[in-house]
Amino acid sequence: MIRILGIETSCDETAVALYEGDMASGQGRILGECIRSQIDIHARFGGVVPEIASREHLIVLPAMVADVMAQANVDWSTLNAIAVTAGPGLMGGLLVGVSFAQAAGLANGIEVLPVHHMEGHLLAPGIDSELPEFPFVTLLVSGGHTLLVRVDGIGEYQVIGQTIDDAAGECFDKSARILGLPYPGGPEISQLARDGRPDAFSLPRPLLNRNNLDFSFSGLKTAVLYASQDADMHDAQTRRDLAASVETAICDVLVKKSLAACARESVSALVIAGGVAANRTLRSMLEVQGKKQGIRAVLPGQKYCTDNAAMIAYAGFQRMRHGLPAGEDGWDVRSRWSLSELSQSKAA
Ligand code: KG4
Ligand code: ZN
């Protein structure tokens, strides 16, 4: 059995988790975990303030690590590795997590594994259920990324589609702002949309009919802005209708492009991951429309869709298990880091 401590501080969640896994079978479980969101602190600014985020991580991280070790009844001497998000993300936050991991690793003689945040999201569905057989396609949708990835194995990722401007999560967040809703906007829009009519406003589906797998969401956000200027936004039903219309427009594009990606790559399983994967409309549309096309939608538990450290510990475990590079000597944090580079480092 291998025990890995996971640390995540790349954005506005400080998260720590302890994963125990069997190297032979790849099966394992979470022994303890803790997540602390900074949403309340950043809410009044309408988005994450990087400087404040890193200070908060610094304040809460040591006690959270102690708490998770106590929950799991584990001490440093029985840990095999520390997996920490090394990028992409906010530089200050990444530095807090990585410095802590390196110091703890040095003090206790434990290996430190740098983990790509998006690889964490991508593998997260494997934590509490099983990933489908390779190859499959994953739709990775978070606050900063919208990617379609062909997955041929652990560490073998090919980005086959991505956004040319805003991410899907960003479109939810910006549309929420237009509607006067707090950050993060995805869950707020989704809540408001429950009693709204998705066809009340006719909003664009950017790039839907283009013969490629790329996305564009900035025009949609602008269309939401114009629609809100022309409508009576004091009327509760109008607000619900606009929320439902934008949610459906975003999901429509995500679902159609993801299914087109599966067809193009001749794969029969589609996994979704990242914060936006928690969206219930997206989940049900993928399931229903996937079924019609003979594609199985693999939907991870909502808990591991948004940022967490279990996915970082789990990705570290899978990388160890597959003998993948654990970071060259002197590796550093990377605020920008393409997922495709992981495959290149595997090939090297
Ligand atoms: O993966 P994540 O937690 O953090 C990043 O790595 O970015 O994703 C956060 C994003 C935010 O844009 C948030 O609005 C969106 O995920 N999100 C949702 C939902 N829950 C979170 N979007 C739509 N519906 C949701 N239920
Ligand atoms: Zn994330």
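Residues numbered from 1 in each chain as written. Chains lettered and ligands numbered in written order. Predicted model: local features only at pLDDT ≥ 70, side-chain atom pairs only at ≥ 80, totals over all residues. Heavy atoms only, no water.

### Let's talk about the coordination of the zinc ion (ligand 2)
The zinc ion (ligand 2) binds to the protein through His117 (NE2), His121 (NE2) and Asp307 (OD); the donor distances cover 2.0 to 2.1 Å. Relative to the metal, the 4 donor atoms surrounding the zinc ion (ligand 2) lie at angles of 94 to 143°, and the coordination shape comes out irregular. Read in sequence order, the donor residues for the zinc ion (ligand 2) give the motif H-x3-H-x185-D. Taken together, the residues span about one helical turn, with histidine 117 and histidine 121 both in helix α4 (residues 117-123) at a distance of 4 residues. Across this residue pair, the class does not change: histidine 117 and histidine 121 are buried. (Donors = N, O, S within 2.8 Å, 3.2 Å for Na, K, Ca; no water. Tetrahedral: all angles 85-135°; square planar, octahedral: opposite > 155°, others 65-115°. Helix = DSSP H or I, 4+ residues; strand = E, 2+ residues; numbered from the N terminus. Buried < 20%, exposed > 50% of the residue type's maximum accessible area, 1.4 Å probe, protein only.)

### Digging into helix α2 (residues 50-72)
Between its first and last C-alpha atoms α2 spans 31 Å; for 23 residues at 1.5 Å apiece the expected length is 33 Å, and the two agree. At valine 60, α2 shows its maximal bend, which comes to roughly 40°, and the proline proline 62 appears one to four places after that position. The set of residues buried in α2 consists of Ala53, Ser54, Glu56, His57, Val60, Leu61, Met64, Val65, Val68, Met69 and Ala72. On its buried side, α2 packs onto β1 (2-8), β2 (13-21), β3 (28-37), α1 (39-43) and α3 (91-108). Just beyond α2, the residue with positive phi is asparagine 73, at close to 60°. (Expected span 1.5 Å × (residues − 1). Bend = angle between axes of the 7 residues up to and from the residue. Contact = heavy atoms within 4.5 Å.)

### Overview of the domain arrangement of the chain
Domain annotation for the chain reports domain 1 (2-123 + 305-338) and domain 2 (131-299). One C-alpha centre belongs to domain 1, the other to domain 2, and the line joining them spans 27 Å. Taken together, the contacts link 18 residues of domain 1 with 19 residues of domain 2. Interface of domain 1 and domain 2: buried area, both sides summed, is about 1600 Å²; carbon and sulfur atoms make up 74% of it. Considering only the side of domain 1, the residues that lose the most area to domain 2 are Met118, Leu122 and Cys305, jointly responsible for 39% of the buried surface there. Across the contact surface, domain 1 and domain 2 share 0 salt bridges. (Domains from an automatic or database assignment. Buried area = accessible area lost by both parts, 1.4 Å probe. Salt bridge = Lys/Arg side-chain N within 4 Å of Asp/Glu carboxyl O.)

### Comments concerning unusual backbone geometry
Here the bond from phenylalanine 134 into proline 135 is cis, since omega is -10°, no more than 30 degrees from zero. As for its placement among the helices and strands, proline 135 is situated in the loop between α5 (125-128) and β6 (136-141). Here the residue pair tyrosine 183 and proline 184 is connected by a cis peptide bond, since its omega of -5° sits within 30 degrees of zero. With phi around 60°, asparagine 73 is a residue other than glycine that occupies positive phi space. Tracing the sequence through the fold places asparagine 73 in the loop between α2 and β4 (81-87). The exposed category is assigned to asparagine 73, whose relative accessible area is 71%. Phi is positive for serine 266, close to 50°, though the residue is something other than glycine. Counting through the fold element by element, serine 266 comes out in the loop between α9 (236-265) and β9 (269-273). Classification of serine 266 by relative accessible area gives exposed; the value is 67%.

### With respect to the sheet that holds strand β8 (residues 156-162)
Remark on secondary structure: sheet strands pair via backbone hydrogen bonds, oriented parallel or antiparallel. With mixed pairing, the 5 strands of this open sheet are ordered in space as β8-β7-β6-β9-β10. Across the chains shown, the open sheet's two edge strands, defined by having one partner strand only, are β8 and β10 (296-298). Each strand axis lies, on average, 25° off the axis of its neighbour in the sheet, ignoring direction. Both β6 and strand β7 (residues 146-153) contribute to a ladder of 6 bridges, which runs antiparallel. (Pairing = 2+ DSSP bridges. Axes fitted to C-alpha atoms, helices over the stretch in contact; angles between N-to-C directions.)

### Observations regarding the side chain of histidine 42
Tracing the chain through its elements places histidine 42 in helix α1. Reaching out from histidine 42, the side chain makes a polar contact with the backbone nitrogen of valine 49 at a distance of 3.1 Å. Contact partners of histidine 42, with chain neighbours within four places excluded, come to Asp12, Gly47, Val48, Val49, Ile52 and Ala53. (Polar contact = N/O pair within 3.5 Å; in protein donor to acceptor, adjacent residues only side chain to side chain.)

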